[in-house]
Amino acid sequence: DQQVKQNSPSLSVQEGRISILNCDYTNSMFDYFLWYKKYPAEGPTFLISISSIKDKNEDGRFTVFLNKSAKHLSLHIVPSQPGDSAVYFCAASVGGYQKVTFGTGTKLQVIP
Amino acid sequence: EAGVAQSPRYKIIEKRQSVAFWCNPISGHATLYWYQQILGQGPKLLIQFQNNGVVDDSQLPKDRFSAERLKGVDSTLKIQPAKLEDSAVYLCASTSPSGNTIYFGEGSWLTVV
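Colleague: I'd like to hear about the overall build of chain B, residue by residue, with values.
Modeller: When helices and strands are counted, chain B shows zero helices and eleven strands. When its helices and strands are written in sequence order, chain B yields β-β-β-β-β-β-β-β-β-β-β. Computed over the C-alpha atoms, the radius of gyration of chain B is 13 Å, within 12% of the 13 Å expected from 2.2 N^0.38 for a compact globule of 113 residues. The C-alpha extent of chain B, read off along each of the three principal axes, is 40 × 25 × 25 Å. Among the 113 residues that make up chain B, the fraction classed as buried is 46%. Contacts in chain B between residues at least 24 apart in sequence constitute 52% of all its contacts with a sequence separation of at least 6. Per element, the accessible surface of chain B, about 5600 Å² overall, is 50% carbon and sulfur. Distance from the positive charge centre (11 side chains) to the negative charge centre (10 side chains) of chain B: 5 Å.

Given below as structure tokens:
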């Protein structure tokens, strides 16, 4: 039972354009959502998070949007840079940032 | 600040053999996790420790996997006997009591042949 779904395994975007990565979840108890970024041969690193009391959180070029009614969140990267090329994991948890459930990841390629 | 340390980075073993992975979390982090990431999938939690006690091991295949954190600092994850489907990256992670994120190590890559 995949509670966190990332239906796009890969995405290619031109440098300078917007990258939009999507994530859907099924467990209505999730109240904390995170995005992690993973380069090859490295562990995932935390990127940005949002709690269910908000619908938007912004950190520099990265913005996460949460639509609780649709059980959907998205990560926007503007402008995209070649160094953003990585696998992005969406994750969710109940009651805080611990014991997160991860999605399957979306591989982003930013083309110079 | 030193990150989460894991060893070995890479291991190739034959099925039915045993293997052990070691993790040293960030200093002061009381919570430690072991995740399994199979190629093409997201990380899956195997076990969570709070200090030296197990908080959650509901997804740990206990017939072949074991983990311990005897002194509440470093931890070992053991697989015995290994199966082909255990081929994965084993990620160790830790969090601090006041932190709001999980810090991952670089992972231990296991190939079972």
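Colleague: Which residues make up the pairing of strand β9 (residues 88-95) of chain B, and what values do they have?
Modeller: Residue and element names in this part refer to chain B. For β9, the buried fraction is high: eight of the eight residues fall into the buried class. Alternating positions in β9 separate into two faces, A88, Y90, C92 and S94 on one and V89, L91, A93 and T95 on the other, with burial throughout. Examined bridge by bridge, strand β4 (residues 31-37) and β9 share seven bridges and lie antiparallel to one another. What sits directly across from Y35, in β9, is L91. As judged from the two bridges shared by β9 and strand β10 (residues 103-104), these two strands associate in the antiparallel manner. Across the sheet, the residue bridging to A93 is F104, located in β10.

Colleague: Could you give me a rundown of the sheet that holds strand β1 (residues 5-7) of chain B, with the residues and numbers involved?
Modeller: Residue and element names in this part refer to chain B. Spatially, β1-β3-β8-β7 is the arrangement adopted by the four strands of the open sheet, whose pairing is antiparallel. Each end of this open sheet is capped by a strand with a single partner; those strands are β1 and β7 (65-68). Strand-to-strand twist of the sheet, defined as the mean angle between neighbouring strand axes without regard to direction, takes the value 15 degrees. Relative to strand β8 (residues 75-79), β7 is paired through four bridges, and the arrangement is antiparallel. Each bridged residue has a counterpart across the sheet, and for E68 the counterpart in β8 is T76.

Colleague: Lay out the interface of chain B and chain A with the relevant residues and their values.
Modeller: Interfaces are often sized by the accessible area lost when the parts come together. Taken together, the contact pairs 25 residues of chain B with 16 residues of chain A. Overall, the association of chain B and chain A removes approximately 1600 Å² of surface from exposure, summing both partners, and the carbon and sulfur fraction of that is 54%. The largest per-residue losses of area from chain B upon contact with chain A belong to P43, N100 and F104 of chain B, which jointly make up 26% of the total buried on that side. At the junction of chain B with chain A, the criterion picks out zero salt bridges. Taken together, chain B and chain A are joined by three residue pairs in polar contact (both at pLDDT 80 or more). Listing elements by their share of the side of chain B that touches chain A, those giving two or more residues are β4, β5 (44-50) and β9 of chain B.

Colleague: Residue-level account of the pairing of strand β3 (residues 19-24) of chain B, with values.
Modeller: Looking down a regular strand, the side chains alternate between one sheet face and the other. Residue and element names in this part refer to chain B. Going residue by residue along β3, you find V19, F21 and C23 tucked away on one face and A20, W22 and N24 left uncovered on the opposite face. For β1 and β3, the ladder comprises three bridges, and the chain directions are antiparallel. Directly across from S7, in β3, lies its bridge partner W22. Across five bridges, β3 lies against β8 in antiparallel orientation. Paired with V19 across the bridge in β8 is I79.

Colleague: Before we move on, can you summarise the pattern of salt bridges with the specific residues and values?
Modeller: What the rule picks out here adds up to four salt bridges over all chains. Salt-bridge contacts for D84 of chain A lead to R61 of chain A; the nearest nitrogen and oxygen are separated by 2.8 Å. In this pair, D84 of chain A sits in the loop between β8 (72-77) and β9 (86-93) while R61 of chain A sits in the loop between β6 (56-59) and β7 (62-67), placing the two residues 23 residues apart along the sequence. Of the residues examined, D84 of chain A reaches a relative accessible area of 2% and is grouped as buried. Here D86 of chain B ties to R64 of chain B by a salt bridge, and the two come within 2.4 Å at their closest N and O atoms. Separated by 22 residues along the polypeptide, D86 of chain B in the loop between β8 and β9 and R64 of chain B in the loop between β6 (53-56) and β7 bring together distant segments of the chain. Neither D86 of chain B nor R64 of chain B differs from the other in exposure class; each is buried.

Scoring rules and cut-offs
Here the residue index of a chain counts from 1 through its sequence in written order. Here every chain gets a letter starting at A, and every ligand a number starting at 1, in the order they are written. Predicted model: local features are reported for residues with pLDDT of at least 70 only, side-chain atom pairs are reported and counted for 80 or more only, and whole-chain, interface and lining totals are derived from all residues. Working from all heavy atoms in the structure, the side-chain values ignore hydrogens and water. Where helices and strands are cited, they refer to DSSP runs of H or I of at least four residues and of E of at least two residues respectively, numbered from the N terminus. The globule rule is 2.2 Å times the number of residues to the power 0.38, and the radius of gyration it is compared with is taken over C-alpha atoms. Burial classes: relative accessible area under 20% of the type maximum marks a residue as buried, over 50% as exposed, and values in between as partly exposed (1.4 Å probe, protein chains only). It only takes one pair of heavy atoms within 4.5 Å for two residues to be counted as in contact. Note on areas: Shrake-Rupley, 1.4 Å probe, and residue coverage restricted to the protein chains presented here. In this tally, Lys and Arg are treated as positive and Asp and Glu as negative; His is ignored, and so are the chain termini. Where a charge lies is defined by one atom per residue type: Lys uses NZ, Arg uses CZ, Asp uses CG and Glu uses CD. Only strands that DSSP links by at least two bridges are regarded as paired with each other. Axis definition: a line fit to C-alpha positions, over the contact stretch in the case of helices; interaxial angles, taken between N-to-C directions, run 0 to 180 degrees. Once two parts are brought into contact, the accessible area they lose, counted with a 1.4 Å probe and summed over both, makes up the buried area. Each reported salt bridge corresponds to a side-chain nitrogen of Lys or Arg within 4 Å of a carboxyl oxygen of Asp or Glu. Side-chain atoms alone can form a polar contact between residues adjacent in sequence; in general such a contact is a pair of N or O atoms within 3.5 Å, and within protein one must be able to donate a hydrogen while the other accepts it.

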